[in-house]
Every structure is written in C-alpha cells, then in structure tokens.
Amino acid sequence: MMRWLYALLLTFITSTTLAQDNIRTAIFAGGCFWCMEPPYDKLEGVLETTSGYSGGHVKNPSYDQVSAGNTGHAEVVRVKYDADKIGYKELLQVFWRNVDPLDAGGQFCDRGSQYRSAIFYGNEKEKKLAEASKEKVAEKLDGKIATEIVAASEFYPAEKYHQDYYQRNPIRYKYYRFRCGRDQRLEEVWGER
C-alpha cells in the first residue's frame, strides 16, 4: 500500500514539475497598461496578465509616483504564458500591433517616459527575437523605431484597482481608449486590423 501511495505521489510531483517548466513570463510596455492586457488575455496559452511597473530605480513604486514621471519606471504588462501553447515570437507580434513604435514621447494621449514602449527581455534568446522583430517593423514602417529593447528588471504589480480594469469598468475603459485616440492611431500605423 505504501509503495502505491509513494508511486502516486511521485507521479503527481513529476507531472506538476514538468508542467511548470513550460510556464514563462514576458514584460511589455505599451503606454497605458489597461490597454495592454486585453490583446494578451485573448490568446490561447496566455495564463494571466498583470499590470505593473518596471524599468526604473524606485522600489515598490505607487501609481502616483510612476505617473509623475520621476521613478524611471514604465507602465507595463507582465504576461504569464504556457510556452507549449504560444511562443515569445507570437507575443512580440501582438505587442507591435498594439503600440505606436514611432512615438518616442509616450503612447497615444499618454505622454512621458512612463508611457514609453519597450520590450523587457528575460534572456539572450528573447533579446535576439525582440531585435529581429524590431528590424522587421522598421522595414515595414520605413521609420526610426523608438521602442526600447532592454533587459528585464524588477517587476512591481500595480495596485489592485488597476488589474483587469477593462473587464471591471468596461464603459470607462472604452471611453478612455476612444478619447486617447489609441485605436485611430493604431489603424494609421498598421492599417485595418
């Protein structure tokens, strides 16, 4: 009986460990983090998105600190995904289609470095994929790409009221997105979706 329980426990631990080995995270900055969650949440293989802050020098920053522009952080989305179902390359494609890579002053109506577009890579493979994708975007748009590609640093989750904002406040979210001109500019840059 004990052998059977031991074998069952070992099988469970092994299968859980193997499943966890395929879970990865990616961090992208594309202006307002509220607007970066929805395109990733729709993808098969994405397990969760979390709005937050990264790329700066202040530990545990608040929204007020980041939005004031003094922390060096950008509003970001952390994407947790199953690498067996979706790859980093596909996540990059979604990223590019949801930012204006030509804008060095922020994104859409949100201005300042805290709203910059950036790819925060976690390893050399991700860095190479990000750089290759940036080159393709530069060719397609025939312009100087302002999007940064930088090594990932500490990620700080944003306050709870920012998480899944588009789901919890759909009318306010749609109004903000429209007033900010995000979709209109994305269509100008990339054409119809």
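Residues numbered from 1 in each chain as written. Predicted model: local features only at pLDDT ≥ 70, side-chain atom pairs only at ≥ 80, totals over all residues. Heavy atoms only, no water.

**Here we look at the pattern of salt bridges**
How we decide: When a carboxyl oxygen of Asp or Glu lies within 4 Å of a side-chain nitrogen of Lys or Arg, that pair is called a salt bridge. For each residue, the accessible area found with a 1.4 Å probe, counting protein chains only, is set against the maximum for its type, and the residue is called buried under 20%, exposed over 50%, and partly exposed in between. A run of DSSP states H or I qualifies as a helix once it reaches four residues; a run of E qualifies as a strand once it reaches two. Both are numbered from the N-terminal end.
Scanning the entire structure with this criterion turns up five salt bridges. Asp 103 is paired through a salt bridge with Arg 111; the nearest N and O atoms lie 2.8 Å apart. Here Arg 111 falls in the partly exposed class, since its relative accessible area comes to 42%. Salt-bridge contacts for Arg 116 lead to Glu 148; the nearest nitrogen and oxygen are separated by 3.4 Å. One end of the pair, Arg 116, is in the loop between β5 (110-111) and β6 (117-121); the other, Glu 148, is in strand β7 (residues 148-151), with 32 residues separating them in the sequence. The network of salt bridges with common partners includes Asp 100, Arg 185 and Glu 188.

**Here we look at the state of the cysteines**
Rule in force here: Two cysteine sulfurs form a disulfide in these notes if their separation is within 2.5 Å.
Scanning the model with the defined rule gives one disulfide in all. A sulfur-sulfur separation of 2.0 Å characterises the disulfide bridge that pairs Cys 109 with Cys 180. The disulfide joining Cys 109 to Cys 180 has a torsion of about -105° about its S-S bond and is therefore left-handed. Taken as a pair, Cys 109 in the loop between β4 (106-107) and β5 and Cys 180 in helix α7 (residues 170-180) lie far apart in primary sequence, 71 residues in all. Accessibility expressed as a relative area gives 8% for Cys 180, which makes it buried. Lacking any disulfide linkage, Cys 32 is separated from the closest cysteine sulfur, that of Cys 35, by 4.3 Å. With relative accessibility at 1%, the residue Cys 35 sits in the buried group.

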